[in-house]
Amino acid sequence: GECHEVLLRNSDLPPLQMRVVGDDATFTLKARRVDQVQYAVEESRGYEAHGVLWSPGYYRVRLRRGVPASFVASTETFDTMTVLTSEQALDAECERRRRLLQLADPAVRTAIGAELVLAADQFIITPAGRNEEAARARAAGDEVRTVIAGYHWFTDWGRDTMISLEGLTLTTGRTVEAGYILRTFAHYVRDGLIPNMFPEGEKDGLYHTADATLWFFHALSRYAQVTGDRHTLDRLYPTLAGIIDAHLAGTHYGIGLDPTDGLLTQGQEGYQLTW
């Protein structure tokens, strides 16, 4: 089928490639602007809830019994989009999901457990734009992985990643990716802290969190119990020791150990460092 491209001039955003495959498929160029579109979920959350949309036109396809029809939209190249037919792409995705369920703990391979395993899959991502980190990781035989805290309002947050790591990757049998995630965040430890979050489109994290680093220890402990991966423990031990030393000495945002009782202290005006 014919491919159509929508792009924003003078922008780094990739173009959107679209095509319809089916009987008598056509595209009609009829651009229009839609003002004051209301977004109910954003409104319920107290966010800006009105916006403007623009449509380049519309597709039309004749539906007939026994004749498949599909719509494909992607930021990949047209060549990539056409490697598989729509039927082949659907079969491949179904096989990928079956493989995810086969990897998971037997207790969560059916019913609601299976639904949760497949839902968990959408949160494990390869972050875009961190090319230097990807090159460094691959040179060491690793891959960069992280956890998106919540589509589409949040990027990857250290606290959310470490709290959810056990359920997203260990219960689901994705231990290799669990190791990728832990080693990815270990690479970003600065002055005894892992990043609270990575702003969208940026490769440097923000570190205003008191407890994400503690959750990092917890997640690594659960990972080691499940996998017995001593190599990762040995590899990250200097990082862990550095975190402890930084907390003993005191680090940013008033985060440190109270020498009188050994409890963690934290606090700096203008920063919310924990729940």
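Since the model is a prediction, treat every value here as computed from it, not as a measurement.

A count of helical and extended segments in the chain gives nine helices and nine strands. Along the first, second and third principal axes, the C-alpha set of the chain runs to 75 × 45 × 40 Å. Residues classed as buried in the chain amount to 34% of the 275 residues present. Considering only contacts within the chain whose residues lie at least 6 apart along the sequence, 54% involve residues at least 24 apart. Total accessible area computed for the chain in this model is approximately 17,200 Å², and 53% of it derives from carbon and sulfur atoms. Counting 27 positive and 37 negative side-chain charges, the chain places the centres of these two groups 8 Å from one another.

So, on to the packing of aromatic side chains. Summed over all chains, the structure comprises seven aromatic pairs. On the numbers, 6.1 Å between centres and 70° between planes, the contact of Phe185 with Phe198 is edge-to-face. Highlighted residues: Phe185 in helix 7 (residues 175-187) and Phe198 in the loop between helix 7 and helix 8 (212-227), separated in sequence by 13 residues. Side by side, Phe185 and Phe198 carry an identical accessibility label, which is buried. Ring centres of Tyr188 and Phe198 lie 4.8 Å apart, and the angle between their planes is 75°; on these two criteria the pair is classed as edge-to-face. Of the two residues, Tyr188 sits in the loop between helix 7 and helix 8 while Phe198 sits in the loop between helix 7 and helix 8, which places them 10 residues apart along the sequence. One exposure class covers both Tyr188 and Phe198, and it is buried. Among the aromatic residues, those joined into a ring-pair cluster are Phe27, Tyr59 and Phe71.

What follows covers the nonpolar core. One finds Met162, Leu182, Ile194 and Phe216 to be the most contacted residues of the largest nonpolar core, which totals 30 residues. For Leu182, the contacting residues outside a window of four places in its chain are Met162, Leu165, Phe216, Ala219, Leu220, Tyr223 and Leu236. In terms of nonpolar packing, the next biggest core, distinct from the first, is built from five residues, Leu101, Val108, Ala114 and Val117 among them.

To continue, consider the pattern of salt bridges. Using the criterion set out here, one finds 15 salt bridges in the structure. Between Asp35 and Arg33 there is a salt bridge whose closest N-O contact spans 2.7 Å. Judged by its relative accessible area of 45%, Asp35 is partly exposed. Across the pair Arg96 and Asp121 runs a salt bridge whose closest N-O atoms are separated by 2.9 Å. You can see Arg96 sitting in helix 3 (residues 86-103) and its partner Asp121 sitting in helix 4 (residues 111-121), a full 25 residues away along the chain.

Read across the sheet, three strands follow the order 1-2-5 without closing on themselves; strand pairing throughout is antiparallel. Of all strands in the sheet, those with a lone pairing partner are strand 1 (4-6) and strand 5 (70-74), marking the two edges. Shown here is a sheet whose adjacent strand axes are inclined to one another by a mean of 20°, direction ignored. Pairing of strand 2 (residues 16-21) with strand 5 involves five bridges; the strand directions are antiparallel. Of the residues in strand 5, the one forming a bridge with Met18 is Ala73.

Glancing now at the packing of helix 6 (residues 158-170) against helix 8. Running from amino to carboxyl end, helix 6 crosses helix 8 at an angle of 15°, the nearest separation of the two axes being 7 Å. As summarised for this structure, helix 6 and helix 8 are arranged roughly parallel, according to the angle between their axes. Crossing geometry of helix 6 relative to helix 8 is assigned as left-handed. Only Ala212, Trp215, Phe216, Ala219, Arg222, Tyr223 and Val226 of helix 8 make contact with helix 6, whose side of the interface consists of Gly158, Arg159, Met162, Ile163, Leu165, Glu166 and Leu170.

What follows is about a nonpolar patch on the surface. Taken together, the side chains of Leu214, Ile244, Leu248, Leu257 and Leu264 make up a nonpolar region of the molecular surface, amounting to roughly 410 Å² of accessible area. Position of Leu257 relative to the elements: it lies in strand 8 (residues 256-257).

So, how was this worked out
- Residues numbered from 1 in each chain as written.
- Predicted model: local features only at pLDDT ≥ 70, side-chain atom pairs only at ≥ 80, totals over all residues.
- Heavy atoms only, no water.
- Helix = DSSP H or I, 4+ residues; strand = E, 2+ residues; numbered from the N terminus.
- Buried < 20%, exposed > 50% of the residue type's maximum accessible area, 1.4 Å probe, protein only.
- Contact = heavy atoms within 4.5 Å.
- Areas by Shrake-Rupley, 256 points an atom, 1.4 Å probe, with all protein chains shown as cover.
- Lys, Arg positive; Asp, Glu negative; His and termini not counted.
- Charge placed at Lys NZ, Arg CZ, Asp CG, Glu CD.
- Phe/Tyr/Trp six-rings, centres within 6.5 Å; stacked < 30°, edge-to-face > 60°.
- Core = buried A, V, L, I, M, F, W, Y, C linked by side-chain atoms within 4.5 Å.
- Salt bridge = Lys/Arg side-chain N within 4 Å of Asp/Glu carboxyl O.
- Pairing = 2+ DSSP bridges.
- Axes fitted to C-alpha atoms, helices over the stretch in contact; angles between N-to-C directions.
- Parallel < 35°, antiparallel > 145°, perpendicular 65-115°, else oblique.
- Left-handed = near helix turned anticlockwise from the far one by under 90°.
- Patch = residues over 30% accessible without salt bridge, like charges linked within 9 Å, V, L, I, M, F, W, Y side chains within 5 Å.

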